[in-house]
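Overview (structure and organization)
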Number of protein chains: 2
Amino acid sequence: VKNLTSLGLRYENGKLLVLDQQLLPHEEKWLCCETPDQMVEIIKALKVRGAPLIGVAAALSLGHYKEQGASEAQLRIAARKLRDSRPTAVNLMTCIDRILSEVSQVTSVAEKIFEEDVELCEHMGLNGEHLINDGDHILTHCNTGGLATAGIGTALGVIRKAHEKGKRIHVYVDETRPLLQGARLTTWELQKLGIPYTLICDNMAASLMKKGKIQKIFLGADRVATNGDFANKIGTYSVAVIASYHKVPFYTVAPYTTIDFECSSGKDIPIEERNASEVKGVAGSFGSVQWAPGNAQACNPSFDVTPCELLTGMVLDKGFFSTQALQKGALLNLK
Amino acid sequence: VKNLTSLGLRYENGKLLVLDQQLLPHEEKWLCCETPDQMVEIIKALKVRGAPLIGVAAALSLGHYKEQGASEAQLRIAARKLRDSRPTAVNLMTCIDRILSEVSQVTSVAEKIFEEDVELCEHMGLNGEHLINDGDHILTHCNTGGLATAGIGTALGVIRKAHEKGKRIHVYVDETRPLLQGARLTTWELQKLGIPYTLICDNMAASLMKKGKIQKIFLGADRVATNGDFANKIGTYSVAVIASYHKVPFYTVAPYTTIDFECSSGKDIPIEERNASEVKGVAGSFGSVQWAPGNAQACNPSFDVTPCELLTGMVLDKGFFSTQALQKGALLNLK
């Protein structure tokens, strides 16, 4: 595998390196990932995250395994484990299926997946940037930037392109409980990019919209059904309902690798349920605290499903799709 | 001042004691409050909180001051400071105004305010309990129980009455970022009461409503305008919009002392803006962590305003008021 570099993932002189996103923003520590089994643990622990990036990381770990001399049978076993490491984001499955179909070419396919993801981000950025006006205040949820992809990101890539075009924008960042990807990662990326932002708690967005302080919403997707429904980080559906009520345009941004052509409706998307301890407190490089009573009952669905009808449109690498186009089955033509 | 006891406030043998709610649920520490100046600090630090309770606590601290020999002039100065200690909850101002109008009787007025609050909670409980059916799953936000009043609470008092009548109910508890009154205090109260509950992040409620898992919403108010608009803990407006979209009945519960007869619309309610550090992390007896980048920008409005039209109805100590009745000015008749 040749040398490859992104904000959260690197292949360097035969070594696969992952930026531990659980330690951000306080500590920037690169983990050396030597085996696919290690990558499974890294993905499960969310040390690497973001629907596109986990697909790319899994692919690279198989390419790396091949270079260490793994047989085709070993690669297939490792690929299965990686495929099952997280259930909701479909990019992981798409990438692994692509590798399994050309397992003798794993190294070059992995490189291609990385480089293609960079390209897809560029296209999404260009396809979405024109939706943003000078002076817009934009709400985003979770993290969809360079840390979530091999390139400039999905929704955050669109925002970045608008900023680079000189549009004066301001980003409201949902903290994104329980794992705080907004508060920890999106703030960190926006600071690096010099884009002005305000961090808010997830429950503040409605009141900001009522006051007319949010003009657009851009966020990502973990799996898109062919009818335009999509799963994304928990809280996305809440933002969609609130946006609809206030008539604030609401866009999701995703590469075609996030579309699940086997899935015709959001109802069929499996939702990962994570440990209740994540809701009862927080843990990270900043420390670990639990504020709820020790024996408190909690639930922790990691994603929710937003129906297509709540979207204003979807920005894909292939272009912009209005709700009407999505409802007419436009995504089926992309297969 | 005679001996008085509630879940979060006690007057005992000439001593005024406050349960430090910032330390809950992990530590139950009673603070001895010797002067009104100390009470101002206790209120500002949210060691005592809940719109009704801060009014009662302020009144008792003036009664206590009188017993220590304070002159009428000293009482008036202290009352002004207490009145200004928090800007949004109107009960504080109502209680202090009552005391200022009968400052020579401060001791008996303070006792009366405490005992009346206990009564008001009973009436709200009885007036709201019939809205809950056997088997209902109920969402609540922030803390509105025994810790927020001198009695059984406002919204949580209604829920408690339904439970005591033998209705099998389940409560979904919004954690209520940033200060986590739901995760820390409501869970603690529900556990003591033996009422089954599930703690959730604020951004999960919409998805639960979509799945039909929430039948009713009950929450409190910090100030009610005469047109039925009301201010309450940040995130309330978000719940109101989501409930309206899903057609889930949405009730606020408040004593008449929360009505601001000088305020004809929610637009006129001042909203307290607290320190951004509360959004960038958490702090309490459980520890103190900051997860956002050190120099992150954040905003922190502590309350939001929900317009009357999003209510299904308001439960007051005086009875139940439908949205239609509220919109026709029913609250003006209560003055």
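About the thresholds
Residues numbered from 1 in each chain as written. Chains lettered and ligands numbered in written order. Predicted model: local features only at pLDDT ≥ 70, side-chain atom pairs only at ≥ 80, totals over all residues. Heavy atoms only, no water. Axes fitted to C-alpha atoms, helices over the stretch in contact; angles between N-to-C directions. Helix = DSSP H or I, 4+ residues; strand = E, 2+ residues; numbered from the N terminus. Parallel < 35°, antiparallel > 145°, perpendicular 65-115°, else oblique. Left-handed = near helix turned anticlockwise from the far one by under 90°. Contact = heavy atoms within 4.5 Å. Nonpolar A, V, L, I, M, F, W, Y, C, P; charged D, E, K, R; others polar. Phe/Tyr/Trp six-rings, centres within 6.5 Å; stacked < 30°, edge-to-face > 60°. Buried < 20%, exposed > 50% of the residue type's maximum accessible area, 1.4 Å probe, protein only. Lys NZ or Arg CZ within 6 Å of the ring centre and 35° of its normal. Arc of directions from axis to C-beta. Buried area = accessible area lost by both parts, 1.4 Å probe. Salt bridge = Lys/Arg side-chain N within 4 Å of Asp/Glu carboxyl O. Pairing = 2+ DSSP bridges. Least-squares fit on C-alpha atoms with pLDDT ≥ 70 in both. Core = buried A, V, L, I, M, F, W, Y, C linked by side-chain atoms within 4.5 Å. pLDDT = per-residue confidence, 0-100. Right-handed = clockwise from strand over helix to strand, strands pointing away. Patch = residues over 30% accessible without salt bridge, like charges linked within 9 Å, V, L, I, M, F, W, Y side chains within 5 Å. Areas by Shrake-Rupley, 256 points an atom, 1.4 Å probe, with all protein chains shown as cover. Lys, Arg positive; Asp, Glu negative; His and termini not counted. Charge placed at Lys NZ, Arg CZ, Asp CG, Glu CD. Disulfide = S-S within 2.5 Å.

Thoughts on the packing of helix H6 (residues 155-164) of chain A against helix H7 (residues 181-193) of chain A
All names here are of chain A. Two elements in contact, H6 and H7, have axes separated by 12 Å at closest approach and are oriented at 20°. The angle between the axes of H6 and H7 places the two elements in the roughly parallel class. The way H6 lies across H7 gives a crossing that is right-handed. From H6, Leu156, Arg160 and His163 reach across to H7, where they touch Thr186, Glu189, Leu190 and Leu193. Per-class residue counts for the contact of H6 with H7 are three nonpolar, two polar and two charged.

Overview of the packing of aromatic side chains
With the rule as written, the count across this model stands at six aromatic pairs over all chains. Their ring planes at 25° and their centres at 4.9 Å tell us that phenylalanine 218 of chain A and tyrosine 251 of chain A sit as a pair that is stacked. Of this pair, phenylalanine 218 of chain A sits in strand S8 (residues 216-219) while tyrosine 251 of chain A sits in strand S11 (residues 250-254), and the two are 33 residues apart along the sequence. Centre to centre, the rings of tryptophan 291 of chain A and phenylalanine 286 of chain B are 6.0 Å apart; their planes meet at 65°, and the pair counts as edge-to-face. Of this pair, tryptophan 291 of chain A sits in the loop between strand S14 (287-290) and strand S15 (303-306) while phenylalanine 286 of chain B sits in the loop between strand S13 (281-284) and strand S14 (287-290), placing the two residues on different chains. In terms of burial, tryptophan 291 of chain A and phenylalanine 286 of chain B fall into one category: buried. A connected cluster of aromatic rings, assembled from ring pairs, spans Phe218, Tyr251 and Phe320 of chain A. The residue whose ring lies beneath lysine 233 of chain A is phenylalanine 303 of chain A, and the NZ or CZ to ring-centre distance is 4.3 Å.

Focus on helix H1 (residues 36-44) of chain A
Residues and elements named next belong to chain A. Every buried residue belonging to H1 is among Pro36, Met39, Val40, Ile42 and Ile43, and all of these are buried. In a view along the axis of H1, the buried residues occupy a sector of 165°, so they form one face of it. Structurally, H1 contributes buried residues whose contacts are with strand S3 (15-19), strand S4 (30-32), helix H2 (51-67), helix H3 (72-83) and helix H4 (90-101).

With respect to the interface of chain A and chain B
Counting from both sides, the interface comprises 56 residues of chain A and, opposite them, 56 residues of chain B. For the chain A and chain B pair, buried surface summed over both sides reaches about 4300 Å², with 66% attributable to carbon and sulfur atoms. Of all residues in chain A, the largest losses of buried area upon contact with chain B belong to Asn203, Tyr237 and Trp291 of chain A, amounting jointly to 17% of the total for that side. Run the count over chain A and chain B and you get two salt bridges.

A closer look at the sheet that holds strand S12 (residues 259-260) of chain A
Residues and elements named next belong to chain A. Spatial strand order, S12-S9-S10-S15: four strands in an open sheet with mixed pairing. The strands lining the two open edges of the sheet, one partner per strand, are S12 and S15. Pairing of strand S10 (residues 230-233) with S15, which is carried by four bridges, proceeds in the antiparallel orientation. Bridged to alanine 231 within S15 is valine 305. Across the sheet, helix H9 (residues 236-246) lies against S10 and S15, angled at about 35° from S15, the strand it touches most.

As for the sheet that holds S11 of chain A
Residues and elements named next belong to chain A. Spatial strand order, S7-S6-S5-S8-S11-S16-S17: seven strands in an open sheet with mixed pairing. The two strands at the open ends of the sheet, each matched to only one other strand, are strand S7 (197-200) and strand S17 (319-322). For this sheet, the mean angle separating the axes of adjacent strands, direction not counted, is 25°. Looking at chain direction, strand S16 (residues 313-316) and S17 are connected through four bridges and run antiparallel. Paired with leucine 316 across the two strands is glycine 319, which belongs to S17. Packed on one face of the sheet, helix H5 (residues 106-129) meets S8, S11, S16 and S17 and runs near 145° to S16.

Some details on the relation of the copies chain A and chain B
The transformation that overlays chain A on chain B combines an axial shift of 0.0 Å with a rotation of 180°, and the residual RMSD is 0.0 Å. In the structure described here, the two chain copies are related by an operation that fits a two-fold rotation axis. Of the residues that chain A buries at the interface, 100% are likewise interface residues in chain B, meaning the two copies contact each other through the same surface.

Some points on the nonpolar core
Core analysis: the largest hydrophobic core is formed by 140 residues, its most contacted members being Ile217, Phe218 and Trp291 of chain A together with Ile217, Phe218 and Trp291 of chain B. Other than its neighbours up to four places away in sequence, phenylalanine 218 of chain B contacts Gly128, Leu131, Ile132, Ile138, Leu139, Thr140, His141, Ala155, Val158, Ile159, Tyr251 and Val253 of chain B. Leu31, Leu60, Leu62 and Leu75 of chain B belong to the second-largest nonpolar core, a separate cluster that totals 41 residues.

Description of the confidence of the model for chain A
Averaged over every residue, the pLDDT of chain A is 97; the share at 70 or more is 100%. Interface confidence for the predicted complex, given as ipTM, is 0.96, next to a pTM of 0.97.

Brief notes about the pairing of S7 of chain A
Residue and element names in this part refer to chain A. Residue alternation in S7 divides its side chains into two sets, Tyr197 and Leu199 and Thr198 and Ile200, and both sets are buried. When strand S6 (residues 170-174) meets S7, the two strands line up parallel, connected through four bridges. Following the sheet pairing, valine 173 is matched in S7 by leucine 199. Crossover S6 to S7 through H7 is right-handed.

Description of a positive patch on the surface
Where like charges cluster on the molecular surface, the positive patch consists of Lys210, Lys211 and Lys213 of chain A together with Lys267 of chain B. The exposure class of lysine 267 of chain B is exposed, given its relative accessible area of 76%.

Examining the state of the cysteines
All names here are of chain B. Summed over the entire model, instances satisfying the criterion amount to zero disulfides over all chains. The thiol sulfur of cysteine 95 is not disulfide-bonded, and the nearest other cysteine sulfur, from cysteine 121, lies at 12 Å. Overall, cysteine 95 belongs to the buried group, its relative accessible area being 5%. Considering cysteine sulfurs only, cysteine 308 is the nearest to cysteine 263, which forms no disulfide, with 13 Å between them. Residue cysteine 263 is classed as buried on the basis of its relative accessible area, which comes to 3%.

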